[in-house]
Amino acid sequence: MRLLIFVLLSALSTIGQAAPTERQLTLLTVNCLQCHANIHTGAPIMGDPKTWQPILAKGKQQIMTHVVEGLRGMPPLGYCSACSEDDLVTLSELLAGEALQETPR
Amino acid sequence: MKRRAFLRGTGALGATGALALLGGCKQPSTEPQSPITYQPGKPVPWINWAGNQSCQPQHRPAPASIDELVSVLKNAKGTVRAVGAGHSFSAVVPTDDTLIATDLLSGVIDHDPATNTAQVLSGTRLHDLGYMLADIGQALPNMPDMAYLALGGAIVNCAHATGVNFGSMGSYVTSLRLATVGGELLECSPSSNPDIFKAVLTSAGALGIVTDFTLQNQADFDLTEVNKIEPLEDMLDDIENRKASNRHFELFALPHASVGISVTTNPAQPGDKAQGQDDPQAVNTLRDVFNAISWIPGVGSSLYDKLLTAVMGNEAETIRTGKAHEVFPHVRVVRFREMEYTVPAELGPACLREIMATIRNKNLPLSFPIEYRYVKADDIWLSMFQGQDGATISIHQYGDLDYRPIFAEIEPIFWRYGGRPHWGKLHTLKASDLAALYPKHWRDFLAVRQGLDPEKRLMNAHLKELFGA
């Protein structure tokens with residue numbers, strides 16, 4: 001776990017985002033990565049920007065609605081009962097590799 | 001034509017508006033996937049995986065240590081509940097007061113190579129636990145068929161897998177620590193607080209929050225799982241042989257069809273090779289085919305049966321082989337709602353046959369496969385397997401359909417077979433019904449509960465119905 005968090009923190013410098021907290025990275029590994037790092041789930045994969053572009057195009061509010069309420073295979077809150085709204089935004093940006101935009105594309 | 005492509009092509013017929021015609025299976029009403037709406041800038045609601053339970057807690061602590069958890073629980077305001085992965089279908093979690101998330105309580109605290117035991121934090125997800133244990137040369141002897149659950153929620157709600165020689169997950173716990181609403185951290189085992197130990201292992205979180213469990217594991221091992229399409233009656237006729245001669249056996253019965261799926265799992269042998277692939281969307285394909293055909297007056301169900309038999313009957317086996325913690329769980333991305341009862345093992349085939357006949361005779365609009373498993377008896381006070389080997393039968397409905405009409409037709413069948421409902425899944429029983437199902441220890445459990453939480457701080461509305469508090 002510690003090694004994974006270190007790797008993720010290091011990777012952030014290459015995508016130009018504010019660093020999430022260690023707590024948020026733990027939430028990422030405990031919850032999000034079980035699907036977003038598993039090619040068999042059909043979920044968009046962390047580190048594969050192309051798969052995230054259609055999602056990012058929806059804009060922040062639509063994305064957050066799907067994150068909180070769930071959508072198809074995406075479970076409500078992404079399984080993260082400990083997550084605040086800020087946590088969910090940060091984790092979504094971390095997975096997608098760029099900041100969520102207010103305006104849909 | 002490939003089986004899946006053919007079935008998908010057939011399923012496409014279902015979108016032609018024929019569903020409204022009279023006759024055949026009536027389609028169930030739909031309901032929104034989310035029970036509550038997200039409002040930007042306001043505290044996010046809590047919603048379970050299935051999307052049928054929700055709440056808006058005023059306080060949502062997520063302690064990162066056992067000490068912090070003990071303090072948070074002692075000082076919690078109002079009705080306090082704990083949540084792990086939120087995979088329970090029943091309302092064991094919701095509270096609008098204090099909801100304690102265990103996401104950050106994840107990991108192996110300690111382990112003993114000599115005894116293959118490991119002390120594990122209760123928020124650890126099963127999908128992580130398999131790899132954590134592999135790193136220390138251990139493995140769970142058995143695992144549920146999906147690994148999204150948190151260890152704590154899985155154990156206290158009596159999660160299980162399949163295998164006549166394997167008990168529920170709680171039966172592999174050698175000791176645990178329980179944080180109480182009084183601010184204590186109790187060591188519980190067969191020799192220390194033994195009554196609390198036997199009570200808390202299946203307690204739906206009514207006694208406190210378990211911080212960690214010591215698990216009796218075994219040395220890391222490999223498995224091979226074989227999935228095969230077979231006539232359901234052939235499997236049931238041969239059930240005694242199959243459950244006895246395999247480390248794990250379960251089957252999926254397909255409503256309105258005479259074929260089913262057998263799942264046989266045994267220690268891997270040299271030369272075992274993977275074949276085919278798990279298809280997480282297979283249940284959606286099945287649904288599309290059912291919707292395309294079942295509406296046809298008079299012949300819909302029989303045509304569906306003939307189609308599945310013809311197309312799936314000669315399908316090659318799907319084989320998965322590898323580390324046990326990678327073979328036991330499957331990807332589950334199609335949301336559903338579930339009711340599961342455990343009946344005495346020897347009554348399992350008759351109960352399943354009656355359910356299948358009821359679905360067929362009443363033309364119930366259900367296509368989601370029914371899961372049938374075996375679990376060894378234990379002596380956990382409120383375990384569904386307390387004092388008896390059990391056959392578990394799980395009824396599922398797609399997450400966007402109203403499950404209630406179907407479950408209402410099938411639940412009384414379970415009652416006739418002395419069925420005990422799964423604590424984390426949907427059912428309609430209340431305290432008086434449950435007391436009759438657990439004659440040996442029901443009162444013992446209530447006494448332990450009263451002693452640990454006399455002010456009922458852990459009792460939400462659902463738990464009050466369950467335990468009559």
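All of the points below concern the structure found in this document. Only a predicted model underlies this, so the values are computations on that prediction, with no experimental measurement involved.

**Digging into the overall build of chain A**
- Of the regular secondary structure elements, chain A holds five helices and zero strands.
- Going residue by residue from the N terminus, the α and β elements of chain A occur as α-α-α-α-α.
- Here chain A holds 105 residues, and the buried ones make up 50% of them.
- In chain A, the share of contacts with a sequence separation of at least 24, taken over all contacts with a separation of at least 6, comes to 54%.

**Quick notes on the overall build of chain B**
- On a plain count of helices and strands, chain B comes out with 15 helices and 19 strands.
- Against the compact-globule benchmark of 23 Å for 469 residues, chain B has a radius of gyration of 22 Å, which places it among compact chains.
- Taken along the three principal axes of its C-alpha coordinates, chain B extends 65 × 50 × 45 Å.
- Put simply, chain B has 469 residues, and 61% of those count as buried.
- For chain B, the accessible area works out to roughly 17600 Å², and carbon and sulfur atoms hold 52% of it.
- Each charge class in chain B can be summarised by its mean position, and for the 41 positive and 50 negative side chains these summaries are 5 Å apart.

**As for the interface of chain B and chain A**
- At the interface, 33 residues of chain B touch 31 residues of chain A.
- Summed over both partners, the interface of chain B with chain A buries about 2500 Å², with 57% contributed by carbon and sulfur atoms.
- If you sort the residues of chain B by the area they bury against chain A, Tyr38(B), Asp103(B) and Leu104(B) come out on top, with a joint share of 23%.
- Linking chain B with chain A are zero salt bridges, by the criterion used here.

**Points about the environment of Pro405(B)**
- Note on placement: Pro405(B) falls in helix H12 (residues 404-416).
- On the basis of relative accessible area, Pro405(B) is assigned to the partly exposed category, the value being 47%.

**A short note on the packing of aromatic side chains**
Residues and elements named next belong to chain B.
- Tallied over the full model, the rule gives 15 aromatic pairs over all chains.
- Look at Trp49 and Phe89: their rings are 6.1 Å apart centre to centre, the planes differ by 90°, and that puts the pair in the edge-to-face class. In this pair, Trp49 sits in the loop between strand E1 (46-47) and strand E2 (54-55) while Phe89 sits in the loop between strand E3 (80-83) and strand E4 (98-101), placing the two residues 40 residues apart along the sequence. Comparing Trp49 with Phe89 shows no difference in burial state: the two are buried.
- Their ring planes at 10° and their centres at 4.7 Å tell us that Tyr341 and Phe414 sit as a pair that is stacked.

**Thoughts on the sheet that holds strand E10 (residues 209-216) of chain B**
Residues and elements named next belong to chain B.
- Overall, antiparallel pairing links the five strands, which are arranged E5-E6-E10-E8-E9 in an open sheet. A strand with exactly one partner marks an edge of an open sheet, and here the two such strands are strand E5 (108-112) and strand E9 (185-188). Between one strand axis and the next, the sheet turns through 15° on average, direction left out of account.
- Across five bridges, strand E6 (residues 117-121) lies against E10 in antiparallel orientation. Across the sheet, the residue bridging to Val120 is Phe213, located in E10.

**Examining the pairing of strand E13 (residues 248-253) of chain B**
Residue and element names in this part refer to chain B.
- Among the six residues in E13, six count as buried, and that is most of the element.
- Side chains His248, Glu250 and Phe252 project from E13 onto one buried face, and the interleaved Phe249, Leu251 and Ala253 project onto a second face that is buried too.
- As defined by bridge partners, E13 adjoins strand E14 (residues 259-267) across six bridges and the pair is classed as antiparallel. What sits directly across from Phe252, in E14, is Ile261.
- Joining the antiparallel neighbours E13 and E14 is a turn of five residues, in which His256 adopts a positive phi near 70°.
- When E13 meets strand E17 (residues 370-375), the two strands line up antiparallel, connected through four bridges. Pairing of Ala253 across the sheet is with Ile370, part of E17.

**A short note on the state of the cysteines**
- Evaluated as defined, the whole model comprises one disulfide over all chains.
- Between the sulfur atoms of Cys80(A) and its disulfide mate Cys83(A) the distance is 2.1 Å. Looking along the S-S bond of the Cys80(A)-Cys83(A) disulfide, the torsion reads about 85°, which is the right-handed sense. Across the pair, exposure class does not vary: Cys80(A) and Cys83(A) are buried alike.
- Free of any disulfide, Cys32(A) has its nearest cysteine sulfur in Cys83(A), 6.4 Å distant.
- Cys351(B) takes part in no disulfide bond, and the closest cysteine sulfur to it belongs to Cys158(B), at a distance of 18 Å.
- Of the residues examined, Cys351(B) reaches a relative accessible area of 0% and is grouped as buried.

What counts and what doesn't
- Residues numbered from 1 in each chain as written.
- Chains lettered and ligands numbered in written order.
- Predicted model: local features only at pLDDT ≥ 70, side-chain atom pairs only at ≥ 80, totals over all residues.
- Heavy atoms only, no water.
- Helix = DSSP H or I, 4+ residues; strand = E, 2+ residues; numbered from the N terminus.
- Buried < 20%, exposed > 50% of the residue type's maximum accessible area, 1.4 Å probe, protein only.
- Contact = heavy atoms within 4.5 Å.
- Rg over C-alpha atoms; globule rule 2.2 N^0.38 Å.
- Areas by Shrake-Rupley, 256 points an atom, 1.4 Å probe, with all protein chains shown as cover.
- Lys, Arg positive; Asp, Glu negative; His and termini not counted.
- Charge placed at Lys NZ, Arg CZ, Asp CG, Glu CD.
- Buried area = accessible area lost by both parts, 1.4 Å probe.
- Salt bridge = Lys/Arg side-chain N within 4 Å of Asp/Glu carboxyl O.
- Phe/Tyr/Trp six-rings, centres within 6.5 Å; stacked < 30°, edge-to-face > 60°.
- Pairing = 2+ DSSP bridges.
- Axes fitted to C-alpha atoms, helices over the stretch in contact; angles between N-to-C directions.
- Disulfide = S-S within 2.5 Å.

On their own, these measurements won't tell you what the molecule is for.
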